[in-house]
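# Secondary and tertiary structure notes
Below are the chains, spelled out letter by letter.
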Amino acid sequence: NAGVTQTPKFQVLKTGQSMTLQCAQDMNHNSMYWYRQDPGMGLRLIYYSASEGTTDKGEVPNGYNVSRLNKREFSLRLESAAPSQTSVYFCASSATGGEFGGYTFGSGTRLTVV
Amino acid sequence: SQQGEEDPQALSIQEGENATMNCSYKTSINNLQWYRQNSGRGLVHLILIRSNEREKHSGRLRVTLDTSKKSSSLLITASRAADTASYFCATEPDSNYQLIWGAGTKLIIKP
């Protein structure tokens, strides 16, 4: 089925460890996004990529890096995980701006940092 | 920074009743979107309403937008147990196209 695929679905890290969250979309969307969702809060944008070859910081970029590998793939890297990064991470994609049909989300990665 | 604020934070109704959720925002927008999130899952896009539209329908969903009051409402008619989920509004400011999200309304439909 067409959509956004995230891996892994669950991950437990020790403080200071690093990891990369993978995201791929097969909807031929130009824009891709990484969000985190914490209890009782809406989604907060970490980084986004308006088009292949570009990335920009969102609201909460500290502690993260991203790579737009090609049009399909957008990865999120935690270089040195901290307990404050315990969260659910969502990748999303959209036709430019989301004006046409909104955003399509992956099923999320539940990350716990101990 | 959160632009959208949903009201109420939680809503519990009987199956078959109508559910209304509200969203307020702060800045001028290009469009406003509603999403549903089932527990532990990703968000699903429900409906988008543009700033020059006042009302939009999709199946049992009805969305209104009042740009003068910077508010929107989502009405779900004839609710079903499967409608149990969290509902989020997201606004696209006219200064850029990054969505800004509210904290959501948790809707519980009692059988």
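Per chain, the residues get numbers from 1 upward, laid out in the order the sequence is written. Going through the entries in the order they are written, you letter the chains from A and number the ligands from 1. Reporting in this predicted model follows two pLDDT cut-offs: at least 70 for local features of residues, and 80 or more for side-chain atom pairs to be given and counted; totals over whole chains, interfaces and linings ignore these cut-offs and use all residues. Excluding hydrogens and water, the side-chain figures rest on all heavy atoms present in the structure.

## Digging into the overall build of chain A
- On a plain count of helices and strands, chain A comes out with 0 helices and 11 strands.
- Between the two quantities, the radius of gyration covers C-alpha atoms and the globule rule is 2.2 Å times the number of residues to the power 0.38. For a compact globule of 114 residues, the expected C-alpha radius of gyration is about 13 Å, and chain A comes in at 13 Å, within 12% of that figure.
- The cut-offs for exposure are 20% and 50% of the maximum accessible area for each residue type, with area from a 1.4 Å probe on protein chains only; residues under the lower value are buried, those over the upper are exposed, and the others partly exposed. Counting the 114 residues in chain A, one finds 50% classified as buried.
- We call two residues in contact whenever any of their non-hydrogen atoms come within 4.5 Å of each other. Taking as baseline every contact in chain A between residues at least 6 positions apart, the subset at least 24 positions apart corresponds to 55%.
- Surface exposure of chain A reaches about 5,100 Å², of which carbon and sulfur atoms provide 49%.
- As used throughout, the charge tally considers Lys and Arg to be positive and Asp and Glu to be negative, leaving His and the chain termini uncounted. Think of each charge as sitting on NZ of Lys, CZ of Arg, CG of Asp or CD of Glu. Seen as two clouds, the 10 positive and the 8 negative side-chain charges of chain A have centres 8 Å apart. Going along the chain from the N terminus, every DSSP run of H or I of four or more residues is numbered as a helix, and every run of E of two or more is numbered as a strand. Each accessible area is a Shrake-Rupley estimate made with a 1.4 Å probe; only the visible protein chains count as cover when residues are assessed.

## Regarding the pattern of salt bridges
- Salt bridges are identified by distance alone: a Lys or Arg side-chain nitrogen within 4 Å of an Asp or Glu carboxyl oxygen. This structure, assessed with the given rule, holds 6 salt bridges over all chains.
- Overlapping salt bridges bring together A:Arg36, A:Asp38 and A:Arg44 as one network.

## Things to note about the side chain of A:Gln25
All names here are of chain A.
- You can see Gln 25 is positioned in strand E3 (residues 19–25).
- Here a polar contact means two N or O atoms within 3.5 Å. Within protein one must be a hydrogen donor candidate and the other an acceptor candidate, and residues neighboring in sequence count only if both atoms are side-chain atoms. Polar side-chain contacts of Gln 25 include one of 2.9 Å to the backbone oxygen of His 29.
- Not counting chain neighbours up to four residues away, the residues in contact with Gln 25 comprise Gly 3, Val 4, Met 32, Arg 68, Lys 71, Arg 72 and Ser 93.

## Considerations on the sheet that holds strand E1 (residues 5–7) of chain B
Residue and element names in this part refer to chain B.
- Here a strand pair is declared whenever DSSP counts at least two bridges between the two strands. Taken in spatial order, the 5 strands make up an open sheet running E1-E3-E8-E7-E6, and their pairing is antiparallel. Two strands in the sheet have a free side with no partner beyond their single neighbour: E1 and strand E6 (55–58). Mean inter-strand twist for the sheet, computed between neighbouring axes without regard to direction, equals 20°. The convention used is that axes are lines fitted to C-alpha atoms, helices contributing only their stretch in contact, and that angles between N-to-C directions extend from 0 to 180 degrees.

## Some thoughts on the sheet that holds strand E7 (residues 64–68) of chain A
All names here are of chain A.
- With antiparallel pairing, 4 strands are arranged side by side in an open sheet as E1-E3-E8-E7. In this open sheet, the two strands that pair with only one neighbour each are strand E1 (4–7) and E7. Strand-to-strand twist of the sheet, defined as the mean angle between neighbouring strand axes without regard to direction, takes the value 15°.
- With 3 bridges joining them, E3 and strand E8 (residues 74–78) adopt antiparallel strand pairing. Across the sheet, Thr 20 pairs through a bridge with Arg 77, a residue of E8.

## A short note on the interface of chain B and chain A
- Every contact between the two is made by 21 residues of chain B and, on the other side, 25 residues of chain A.
- Here the buried area means the combined drop in accessible surface, using a 1.4 Å probe, for two parts upon being joined, counting both sides. Approximately 1,700 Å² of surface area, both sides summed, lies buried where chain B meets chain A, with 48% of it carried by carbon and sulfur atoms.
- Across the contact surface, chain B and chain A share 0 salt bridges.
- The interface formed by chain B and chain A includes 3 residue pairs in polar contact (both at pLDDT 80 or more).
- Sorting the residues of the side of chain B that touches chain A by element identifies strand E4 (29–37), strand E5 (43–50) and strand E9 (85–93) of chain B as the ones contributing at least two each.
- Under the scheme applied, nonpolar residues are Ala, Val, Leu, Ile, Met, Phe, Trp, Tyr, Cys and Pro; charged residues are Asp, Glu, Lys and Arg; polar residues are all the others, including Gly. Taken together, the residues of the side of chain B that touches chain A sort by class into 8 nonpolar, 10 polar and 3 charged.

## What to know about the packing of aromatic side chains
- Stacked, tilted and edge-to-face are the three classes assigned to paired rings of Phe, Tyr and Trp, where Trp is represented by its six-membered ring and a pair needs centres within 6.5 Å; plane angles under 30 degrees give stacked, over 60 edge-to-face, the rest tilted. A complete count under the given rule lists 10 aromatic pairs over all chains for this structure.
- Residues A:Tyr103 and A:Phe105 carry aromatic rings whose centres are separated by 6.4 Å and whose planes lie at 35° to one another, so their mutual orientation is tilted.
- Here the aromatic residues A:Tyr33, A:Tyr35, A:Phe90, A:Tyr103, A:Phe105, B:Tyr35 and B:Trp101 are joined through ring pairs into a cluster of three or more.

## Focus: the nonpolar core
- Grouping buried Ala, Val, Leu, Ile, Met, Phe, Trp, Tyr and Cys residues that are joined through side-chain atoms within 4.5 Å yields what is termed a nonpolar core. Grouped together as the largest cluster of nonpolar side chains are 22 residues, with contacts concentrated most on B:Met21, B:Leu32, B:Trp34, B:Leu74, B:Ile76, B:Tyr87 and B:Leu107.
- Those residues in contact with B:Leu107 that lie beyond four places of it in its chain are B:Leu11, B:Ile13, B:Ala19, B:Met21, B:Ile76, B:Asp83, B:Thr84, B:Ala85 and B:Tyr87.
- Among the nonpolar cores identified, the runner-up in size contains 20 residues, and A:Val4, A:Cys23, A:Tyr47 and A:Val113 belong to it.

## Brief notes about the pairing of strand E8 (residues 71–76) of chain B
All names here are of chain B.
- Within E8, 5 of the 6 residues are buried, which leaves it mostly tucked inside the rest of the structure.
- Pairing of strand E3 (residues 19–24) with E8, which is carried by 6 bridges, proceeds in the antiparallel orientation. Counted as the bridge partner of Cys 23 is Ser 72 from E8.
- Across 6 bridges, the pairing between strand E7 (residues 61–66) and E8 is antiparallel. In the sheet register, Leu 61 faces E8, and the bridge partner there is Ile 76.
- Linking two consecutive strands that pair antiparallel, namely E7 and E8, is a turn of 4 residues; a positive phi of about 50° is found at Lys 70 within it.

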